[in-house]
Amino acid sequence: SRVAVSIPAQPLLSALRAFGLQTQSQVLFHEALLSGREAVAVYGAYTPQEALELLLARTGLTIATARARSFTLKAAQTGPQASGLLRWTVPAITIS
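Now for a look at the structure at hand. Along every chain, residues carry numbers that run from 1 in the direction the sequence is written. Whole-chain, interface and lining totals are the exception, using all residues; otherwise, since this is a predicted model, local features are given only for residues with pLDDT of at least 70 and side-chain atom pairs are given and counted only at 80 or more. With hydrogens and water set aside, each side-chain value is computed from the structure's full complement of heavy atoms.

Some thoughts on helix 1 (residues 12–23)
One turn of an α-helix holds 3.6 residues; hence residues three or four places apart share an orientation.
Then, number 1: Look at helix 1: 16 Å from first C-alpha to last across 12 residues, which is about the 16 Å you get at 1.5 Å a residue.
Then, number 2: Residues of helix 1 that are buried: L12, A15, L16, A18, F19, G20 and T23.
Then, number 3: Counting from the N terminus, the helices are DSSP H or I runs at least four residues long and the strands are E runs at least two residues long. Phi turns positive one or two residues past the end of helix 1, at Q24, with a value near 55°. Expected span of a helix: the number of residues minus one, times 1.5 Å. Partly exposed describes any residue whose relative accessible area lies between the buried limit of under 20% and the exposed limit of over 50%, with all areas from a 1.4 Å probe on protein chains only and scaled to the type maximum.

Regarding the nonpolar core
Then, number 1: In terms of nonpolar packing, the biggest core is built from 21 residues, with L16, F19, L52 and L55 touching the most fellow members.
Then, number 2: Sort the elements by how many residues they give to this core and helix 1 lands first, with five residues.
Then, number 3: For this analysis, residues touch if any pair of their heavy atoms sits within 4.5 Å. For F19, the contacting residues outside a window of four places in its chain are I7, Q24, S25, V27, P48, A51, L52, L55 and F71. Here the nonpolar core consists of buried residues drawn from Ala, Val, Leu, Ile, Met, Phe, Trp, Tyr and Cys, with membership extended through side-chain atoms lying within 4.5 Å.

Overview of helix 2 (residues 48–55)
Then, number 1: Three or more residues of helix 2 are buried, namely P48, A51, L52 and L55. Angular distribution of buried residues about the axis of helix 2 spans 95°; they occupy a single face of the element.
Then, number 2: Each element contacted by the buried residues of helix 2 is listed here: strand 1 (3–7), helix 1, strand 4 (38–39), strand 5 (42–46), strand 6 (61–67) and strand 7 (70–75). By definition, the arc is the one covered by directions from the helix axis to the C-beta atoms.

Some points on the environment of V3
Then, number 1: You can see V3 is positioned in strand 1.
Then, number 2: You can call V3 buried: its relative accessible area is 15%.
Then, number 3: When the C-alpha positions of V3 and T47 are compared, they lie 6.1 Å apart, and in sequence the two are 44 residues distant.
Then, number 4: Contact partners of V3, with chain neighbours within four places excluded, come to Q22, T23, G44, A45, Y46 and R69.

A few points about the side chain of S25
Then, number 1: Relative to the assigned elements, S25 resides in the loop between helix 1 and strand 3 (26–28).
Then, number 2: A distance of 2.9 Å separates a polar atom in the side chain of S25 from a polar atom in the side chain of T23.
Then, number 3: Non-local contacts of S25, meaning those with residues more than four positions away in its chain, are made with F19, G20, P48, R69 and F71. Each polar contact in these results corresponds to two N or O atoms within 3.5 Å; when the atoms are within protein, one needs to be able to donate a hydrogen and the other to accept it, and residues that are neighboring in sequence are counted only if both atoms are side-chain atoms.

Function cannot be read off these values alone, since they describe shape.
Below you can see the structure in the form of structure tokens.
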């Protein structure tokens, strides 16, 4: 069910606390993951998962597991494994 969410842009840790209170949800994470990350503002009526996904936009974090208003966060996978592509390294060439 949808809930009213009113969370201004702020440090991610504070935003997650507000999210938990407003949606009556629990969010589990390693606090080191949040260091220096900022949450975007989220206003409107959303399911808790929708609101959390919006809150995590541009943070580099994603929802690892979601169960009945309980969410676990993890770092979003980036790089070659995320896209299924291999990364090729070309040795440096010096031209004189």
